[in-house]
Amino acid sequence: MNVLGIETSCDETGIAIVKDGRNILGEELSSSLKYHQSYGGIIPEIASRMHLEVIDYLLKKLLKKTRLTNTDIDLVAVTNGPGLTGSLLVGVSFAKALAFALGVPLIGVDHLSAHLYAAFLESRNKKIAFPFVGLVVSGGHTSLFYVKDFLRIEILGSTLDDACGELFDKVARFLNLGYPGGPVIEKLASRGNPIRIHFSPIRTKRPLDFSFSGIKTSVFYHLKDKGIKIKEKRGFLIADCPLSLKQDLCASLQEIVFNSLVKKSLLACRIKNIDRLIIGGGVAMNEELRRKFLSLSVKEKVEIYFSPKKLCMDNASMVAGLGYVLFKAGKSNDFNLEIHAD
Ligand code: KG4
Ligand code: ZN
């Protein structure tokens, strides 16, 4: 069964065709990132306009590349939330029109569950058993789930303020490192000292929730106390910080954030008495995060599965793959499918 997946929840327009939930026949991705960069974050109106500009073109390109035609599509799967309202509306409207025109079923897919499903598209992860604990770490979310199967997912905890990718993006903006922050923070951190700057541990009332916004404030005061010049540019504060301090800050930042992710994921496994953990989302690209989780797997005997790196960031293959699983389990949607924004 060939499933066409559509992903437009944020700034990436993704179209993919996945056969039987596992075999990616082809995928196309276009990002409007460069149009947001000068603003230091995603501008929703620009994102939705760009989806509209490219979505039809990407589908045509994908069909040409895969040598498939419209009639080879058996199901249309689309992210219908969470995400930006305007962006989701473009993808869902396009999916509805396409499913209607082709006379094939339509299915709405949850973006966060799809980030977890991405691990099933890694060829090394031959068979992942259920249930498992899932951790999604992205620019918009930091959440822990108990996944009995993809129809029965319980949320165990999530961030009370910033998502961890969002924290990286905001600290990067403050350090004048550009957007998105995660990749450049990882690069600088690899040359920094992770124990040079001590950030206080992050406490939350519910043990499986996360909180990251206090760290952002600590970074600010750390630099202020050191006498670093902080100026305002286009409404944002920018610190004029020497390279070695940036490197140590980035390494120390990763240290506190990743230790918190590891500790809480392990606690979730203990509470649910599960020794299987799946990690997905853009921040799961980070090598230091992977290293920390893998050393946990050895120490605590927890099986760890990551999304393949190329499917950590937003993409449509994970949407098509999960769409197939849900459809096979008897789910589908009519043309009243609604979006649920953040
Ligand atoms: O999953 P994603 O593509 O979009 C959302 O659904 O939000 O994740 C994007 C986030 C951004 O915040 C970006 O800074 C972060 O993933 N990210 C990273 C790395 N690459 C991307 N964070 C840490 N290390 C990386 N190498
Ligand atoms: Zn995402």
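Residues numbered from 1 in each chain as written. Chains lettered and ligands numbered in written order. Predicted model: local features only at pLDDT ≥ 70, side-chain atom pairs only at ≥ 80, totals over all residues. Heavy atoms only, no water.

### Some points on the sheet that holds strand β7 (residues 142-149)
As summarised here, the arrangement of the five strands in space is β8-β7-β6-β11-β12, forming an open sheet in which the pairing is mixed. Two strands bound the open sheet, and with one partner strand each, they are β8 (152-158) and β12 (303-306). For this sheet, the mean angle separating the axes of adjacent strands, direction not counted, is 25°. Sheet strands in contact with helix α9 (residues 287-300) are β6 (132-137), β11 (276-280) and β12, and its direction is about 155° off that of β12. (Pairing = 2+ DSSP bridges. Helix = DSSP H or I, 4+ residues; strand = E, 2+ residues; numbered from the N terminus. Axes fitted to C-alpha atoms, helices over the stretch in contact; angles between N-to-C directions. Contact = heavy atoms within 4.5 Å.)

### Side note on the pattern of salt bridges
The tally for this structure, following the rule as stated, stands at 18 salt bridges. Residues Asp162 and Lys216 are paired through a salt bridge, measuring 2.9 Å at the closest nitrogen-oxygen approach. Separated by 54 residues along the polypeptide, Asp162 in the loop between β8 and α5 (164-174) and Lys216 in helix α7 (residues 213-225) bring together distant segments of the chain. Judged by its relative accessible area of 6%, Asp162 falls in the buried class. Residue Arg291 is joined to Glu288 by a salt bridge in which the shortest nitrogen-to-oxygen separation is 2.8 Å. (Salt bridge = Lys/Arg side-chain N within 4 Å of Asp/Glu carboxyl O. Buried < 20%, exposed > 50% of the residue type's maximum accessible area, 1.4 Å probe, protein only.)

### Things to note about helix α6 (residues 181-189)
Along α6, the positions that sit buried rather than exposed are Gly181, Gly182, Ile185, Leu188 and Ala189. Summarising the axial view, the buried residues of α6 lie within an arc of 135°, below the 170-degree limit, and thus occupy one face. The outward face of α6, more than 90 degrees from its buried face, is lined by the exposed residues Pro183 and Lys187. Along its buried surface, α6 packs onto α5 and α8 (243-272). (Arc of directions from axis to C-beta.)

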